[in-house]
Amino acid sequence: MKLTTAATPILLLAGILPPAWGQGGERPKGEGRIVNVRFLKVNSGPSYSYLGVVDEIDDTKMKLRTSDKGKEEITVELFPIDLLAEGKMVRDPRAGYAYRWQDVKKGDRVDVVTMQDDQEKKQYCMMIQIEYRPGAKLPLSQKPKEDTNYPMRSLFNDIDNGWNVSDGEIMAVFPPQPEEYWPSGRLMKPARPGGLDKEWQAKLDAIRAKKKEAELKAKPPEKK
């Protein structure tokens, strides 16, 4: 499986409040720590995005198989901030990233937003998007109404799992688009017929061909 470049930089601001873990334990305490992030705002500070496959996950850490600048595969170890460890999420997460730590399973392909704690030398996970779940339907995020990309991710999830999807389902996600023009009358976007692009259509065609072949083999011979 081809994975995108690890640690893609994005810009975020961490809203850091006093630690939520007040009952002892091994987590570091003190204001201003990455582990205590409560909310994120765009365009204010350094963060990173990883796309990869979950090799291991438990209550305290995740091992994510990703790629190093689009080349060799590497495994990164990520830790949940307190909110994720407690089964919660940062305040106002992006809708597609409104998944809890406990929603993730081994084998999932996920896109995670992280921040590095230089003092601890740890990479903390703050937001998670599940993009693919092998052998199963894609789970809904915790903000299903706002997660407008879910139908597309779900459709691709089914095709990646080798399942046939109907043309009606495809057109509901990728409907035809009319031409769009600038106020001057100049064409801005040409009309699009809708449907899958060539890569995904080829995958679906292969699934349908395999299904048709299986049906022909299972069909009893005609009586003479």
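Throughout this document, residue positions are counted from 1 along each chain, in the order its sequence is written. The predicted nature of this model means local features are confined to residues of pLDDT at least 70 and side-chain atom pairs, given and counted, to a pLDDT of 80 or more, with totals for whole chains, interfaces and linings taken over all residues. Excluded from the side-chain calculations are hydrogens and water; all other atoms, namely the structure's heavy atoms, are used.

A. Broad picture of the overall build of the chain. Segments assigned H or I by DSSP are reported as helices when at least four residues long, segments assigned E as strands when at least two residues long, and all are numbered from the N terminus. Scanning the chain for helices and strands turns up 4 helices and 8 strands. For the chain, the sequential pattern of α-helices and β-strands runs β-β-β-β-α-β-β-α-α-β-β-α.

B. Quick peek at the packing of helix 2 (residues 150-160) against helix 4 (residues 198-218). It is the contact of helix 2 with helix 4, at a shortest axis distance of 10 Å, that shows an interaxial angle of 45°. Comparing their axes, helix 4 and helix 2 come out oblique. Crossing hand, helix 2 versus helix 4: left-handed. On helix 4, the residues that touch F156, I159 and D160 of helix 2 are W200, K203, L204 and I207. When residues are sorted by character, Ala, Val, Leu, Ile, Met, Phe, Trp, Tyr, Cys and Pro go into the nonpolar class, Asp, Glu, Lys and Arg into the charged class, and all the rest, Gly among them, into the polar class. Here the contact of helix 2 with helix 4 is composed, by residue class, of 5 nonpolar, no polar and 2 charged. For helices, the fitted line uses only the C-alpha atoms of the stretch in contact; every axis is such a line through C-alpha atoms, and the angle between N-to-C directions lies from 0 to 180 degrees. Oblique is the label for every angle not falling under 35 degrees (roughly parallel), over 145 degrees (roughly antiparallel), or within 65 to 115 degrees (roughly perpendicular). The sense of a crossing depends on the near helix, which, turned anticlockwise from the far helix by less than a right angle, makes the crossing left-handed and, turned clockwise, makes it right-handed. Residue contacts follow a heavy-atom distance rule, with two residues in contact if any of their heavy atoms lie within 4.5 Å.

C. Examining the pattern of salt bridges more closely. Within this document, salt bridges are pairs made up of a side-chain nitrogen of Lys or Arg and a carboxyl oxygen of Asp or Glu, the two lying within 4 Å of each other. Scanning all chains against the criterion turns up 12 salt bridges. Residue K88 is joined to E86 by a salt bridge in which the shortest nitrogen-to-oxygen separation is 3.7 Å. A salt bridge links R208 to D167; the nearest nitrogen and oxygen atoms lie 3.0 Å apart. Here R208, found in helix 4, pairs with D167, found in helix 3 (residues 167-173); they are 41 residues apart in sequence, far enough to count as distant. In this structure R208 comes out as partly exposed when scored by relative accessible area, which is 26%. The network of salt bridges with shared partners includes D55, R65 and E73. Working definition: with a 1.4 Å probe on protein chains only, accessible area under 20% of the residue-type maximum means buried, over 50% means exposed, and in between means partly exposed.

D. Just the side chain of S141, in detail. When you line up the elements, S141 lands in the loop between strand 6 (122-132) and helix 2. Side-chain polar atoms of S141 contact the backbone oxygen of A95, separated by 3.4 Å. Residues contacting S141, with those up to four places away along its chain left out, are A95, A98, Y99 and D147. For the purposes of these results, a polar contact is taken to be a pair of N or O atoms within 3.5 Å, where, inside protein, one atom must be able to donate a hydrogen and its partner to accept one; residues adjacent in sequence count only when each atom of the pair is a side-chain atom.

E. Local environment of the pairing of strand 4 (residues 73-80). DSSP bridges decide pairing: two strands pair if at least two such bridges lie between them. Relative to strand 4, strand 3 (residues 62-67) is paired through 6 bridges, and the arrangement is antiparallel. Within strand 4, the position partnered with M62 by the bridge is L78. Inspection of the sheet shows strand 4 paired to strand 6 by 3 bridges, in the parallel sense. Bridge pairing in strand 6 places L78 opposite Q123.

F. Local environment of helix 4. In a helix, the anticipated span is given by 1.5 Å times the number of residues less one. Compared with an ideal rise of 1.5 Å per residue, which puts 21 residues at 30 Å, helix 4 spans 30 Å between its outermost C-alpha atoms and is within 8% of the ideal. Listed in full, the buried residues belonging to helix 4 are W200, L204 and I207. Viewed end-on, helix 4 has its buried residues packed into an arc of 55°, placing them on one side of the element. Residues of helix 4 that are exposed and angled more than 90 degrees away from the buried face: K198, E199, K210, K212, L216 and K217. Where helix 4 begins, one side-chain oxygen reaches toward the backbone nitrogen of E199, 3.3 Å away; that side chain belongs to D197. Directions drawn from the helix axis to the C-beta atoms are what define this arc.

G. Here's a closer look at the confidence of the model for the chain. The predictor attaches a confidence to each residue, and that confidence, scored 0 to 100, is pLDDT. When pLDDT is averaged along the chain, the result is 84, and 81% of the positions lie at 70 or above. Within the chain, no element has a lower average pLDDT than strand 1 (residues 8-16), which sits at 49, and none a higher one than helix 2, at 98. Ignoring residues within four places in sequence, the model shows residues 10-30, a span with pLDDT below 50, making 68 contacts including any to other chains.

H. Quick peek at the packing of aromatic side chains. Only rings of Phe, Tyr and Trp enter the pairing, Trp through its six-membered ring, and a pair is recorded when the two centres are within 6.5 Å. The plane angle decides the type: under 30 degrees is stacked, over 60 is edge-to-face, the rest tilted. With the rule as written, the count across this model stands at 3 aromatic pairs. One aromatic cluster is present, built from ring pairs that chain together F156, F174 and W200. Two limits define a charge over a ring: the Lys NZ or Arg CZ must be within 6 Å of the ring centre, and within 35 degrees of the ring normal. The ring of Y97 has R94 sitting right over it, with the charged end atom 4.6 Å from the ring centre. The cationic tip of K203 hangs over the ring face of W200; the distance from NZ or CZ to the ring centre is 4.0 Å.

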